[in-house]
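One letter stands for each residue in the lines below.
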Amino acid sequence: MTDITADAVPPIPLPEPQRTAATIAARIDRLPSTRYIWHLVLLLSLGGFFDVFDNGLIAYIAPGLFAAKIFTATTAGFFDINGFASLIASTFIGMFVGTLLFSSLSDLFGRRTIFTFALFWYSLATLVMAFQSTPLAIDFWRFLAGCGIGIELITVDTYLSELMPKERRGQAFAFNQSFQFLGYPAISFLAWGLVPVMPFGIAGWRWVTVIAAAGAIVVWWIRLALPESPRWLAIHGRTAEAERITAIMEAKVLAESGRPLPPPEILVDEVEAGRGAWREMWQGVYLKRTIMLIIFNLVQSIGYYGFANWVPTLLIAQGITITKSLLYTFVVALANPVGPLLAAMIADRIHRKWQLVGACASLAVFGLIFSQMTTAIGIIVVGVFITFSTSNLSYAFHAYQAELYPTRIRSRAIGFTYSWSRFSTIFVGFLIAFFLRDYGTIGVFGFIAAAMIACCLVIGLMGPPTTRLRLEQISH
């Protein structure tokens, strides 16, 4: 792949505010990999860890909610509020509202500000949920938590894509997802130890929920150590701040690497000016990308959340006891952080669209095999391969969607297209419950396999290449 370099394309004279914006983007992309760069990835990943921890909460406290007779595993009717599916739906209705209506906040107020705000929002809502005892009350507070989770998911992706140099963007997302996915074994381990018991006479699922809300404690510490996105600052005319932060980044990288920084790569017409508009995602090259991501998001959530949110319940349906179900789920969940770490070896070598296709295909195959497993070793081994597939699907997709739009509309465009996955997931729980009730686990995974085939087709046929290209190059 041939990149456009500063030697191949002479710089274009620009008005002063635009020249600064273009230069800042190019200067970030030239930075080599150093300890400081990965420190930024780690800080964003810490915020994402609590996001995933809270996002996975519902699946792992489900047995406790069933034992307390607050919710039931299946539904009497399609929209039965007493069924577990209603709690999953509440989560994703909230995430749908958060991503659709509030994702533009970080385009307006900054990545750093909204990163902090969203983390505090969903932590507080989760804390209140821990003290509720009726399906309606739990659903309501889970809806509010879902709004915050939705905003945070979009903001982390946007933030990370803009801070990372192009040569390490894939690896940065792989590490970010791997660290975030530590939240799954963490919540699974806590659920395994606490959900079946009642410490101090308080139901174990409540303890797990309170712990999940602890993310608010680290909010301000993370915020103080993270810079605002220089790309965002430059686009909004705050060139002095953008210049100052970029200069600090360059100085730290230069001190750690001990080598002169390479020259910036300037692209023809790379400059972004103005604040952008919602209609832009429906114009030019963005129209095809928007349609592709809407279709993909409508169906990818069936595979990802169909397994992640339902695995303990699916195991119980196969005759596994609650305690063993939680134990097996914990072991399988340990594979979540490993998948993206393995993917990091090819993250910036193979185009992300093909990584996505491979992950979706693997999920379809291993899901069907999982439905036939009845032994502990079979459940765990195939469950691990499914987890590898879902975690790599998540890593590749989150990196990919953040690369497809320009800085001025990145957050709102990602939020709009990603909201369709939250919309479809509102119904996924009810559909999984329907297939589980009428067709068993084989029906559930047949449904998931069909959705994954659709994902392979839409990305393979419509997706543009992005790996190791500058964001400003991809957005044209």
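These notes cover the structure that comes with them.

Thresholds, definitions, all that
Residues numbered from 1 in each chain as written. Predicted model: local features only at pLDDT ≥ 70, side-chain atom pairs only at ≥ 80, totals over all residues. Heavy atoms only, no water. Salt bridge = Lys/Arg side-chain N within 4 Å of Asp/Glu carboxyl O. Helix = DSSP H or I, 4+ residues; strand = E, 2+ residues; numbered from the N terminus. Buried < 20%, exposed > 50% of the residue type's maximum accessible area, 1.4 Å probe, protein only. Expected span 1.5 Å × (residues − 1). Contact = heavy atoms within 4.5 Å. Patch = residues over 30% accessible without salt bridge, like charges linked within 9 Å, V, L, I, M, F, W, Y side chains within 5 Å. Areas by Shrake-Rupley, 256 points an atom, 1.4 Å probe, with all protein chains shown as cover. Polar contact = N/O pair within 3.5 Å; in protein donor to acceptor, adjacent residues only side chain to side chain. Axes fitted to C-alpha atoms, helices over the stretch in contact; angles between N-to-C directions. Parallel < 35°, antiparallel > 145°, perpendicular 65-115°, else oblique. Left-handed = near helix turned anticlockwise from the far one by under 90°. Phe/Tyr/Trp six-rings, centres within 6.5 Å; stacked < 30°, edge-to-face > 60°.

A closer look at the pattern of salt bridges
Working step 1: Overall, the coordinates contain 21 salt bridges when judged by the stated rule.
Working step 2: A salt bridge links Glu167 to Arg468; its shortest N-O distance comes to 2.3 Å. With Glu167 in the loop between α7 (135-163) and α8 (169-180) and Arg468 in the loop between α20 (410-462) and α21 (471-474), this residue pair connects regions lying 301 residues apart in the sequence.
Working step 3: The exposure class assigned to Glu167 is partly exposed, which follows from its relative accessible area of 24%.
Working step 4: Classification of Arg468 as partly exposed rests on a relative accessible area of 36%.

Observations concerning helix α4 (residues 84-102)
Working step 1: Over its 19 residues, α4 runs 27 Å from end to end, which matches the ideal 27 Å to within 8%, given 1.5 Å per residue.
Working step 2: The element α4 is largely enclosed, with a buried count of 15 among its 19 residues.

Some points on the environment of Met452
Working step 1: Within the fold, Met452 resides in helix α20.
Working step 2: In this structure Met452 comes out as buried when scored by relative accessible area, which is 0%.
Working step 3: Each C-alpha atom of the pair Met452 and Leu363 lies 7.2 Å from the other, and the pair is 89 residues apart in sequence.
Working step 4: Residues within four places of Met452 in sequence aside, it is in contact with Val299, Gln300, Gly303, Cys360, Leu363 and Ala364.

Digging into a nonpolar patch on the surface
Working step 1: Taken together, the side chains of Val338, Leu342, Met345, Ile346, Ile350 and Trp354 make up a nonpolar region of the molecular surface, amounting to roughly 550 Å² of accessible area.
Working step 2: As for its position among the elements, Met345 is in the loop between α17 (338-343) and α18 (352-370).

Points about the side chain of Arg111
Working step 1: With respect to the helices, strands and loops of the structure, Arg111 is situated in helix α6 (residues 111-129).
Working step 2: Given the relative accessible area of 0%, Arg111 is considered buried.
Working step 3: A polar atom in the side chain of Arg111 sits 3.2 Å from the backbone oxygen of Thr407.
Working step 4: Those residues within four positions of Arg111 in sequence are excluded, and the remaining contacts are Ser106, Thr155, Thr158, Tyr159, Glu162, Glu228, Ser229, Trp232, Thr407, Arg410 and Ser411.

So, the packing of helix α2 (residues 35-55) against α7
Working step 1: For the pair α2 and α7, interaxial distance at closest approach is 10 Å and the crossing angle is 155°. Classed by the angle they form, the pair α2 and α7 counts as roughly antiparallel. Both α2 and α7 take part in a crossing whose hand is left-handed. In this structure, α2 contributes Val41, Leu44, Gly47, Asp51, Asp54 and Asn55 to the contact, and α7 contributes Arg142, Ile149, Glu152, Leu153, Val156, Tyr159, Leu160 and Leu163.

Some remarks on the packing of aromatic side chains
Working step 1: All chains considered together, the criterion is met by 29 aromatic pairs.
Working step 2: A ring pair is formed by Trp38 and Phe175, whose centres lie 6.0 Å apart and whose planes are at 80°; its orientation type is edge-to-face. Note that Trp38 is positioned in helix α2 and Phe175 in helix α8, a separation of 137 residues in sequence.
Working step 3: With relative accessibility at 24%, the residue Trp38 sits in the partly exposed group.
Working step 4: Here Phe175 falls in the partly exposed class, since its relative accessible area comes to 27%.
Working step 5: The interplanar angle of 70° and the centroid separation of 5.6 Å between the aromatic rings of Trp282 and Phe416 together place this pair among those described as edge-to-face. One end of the pair, Trp282, is in the loop between α13 (239-257) and α14 (285-308); the other, Phe416, is in helix α20, and 134 residues separate them in sequence.
Working step 6: An aromatic cluster is present here, built from Phe96, Trp278, Trp282, Phe416, Trp420, Phe423 and Phe427 joined pairwise through their rings.

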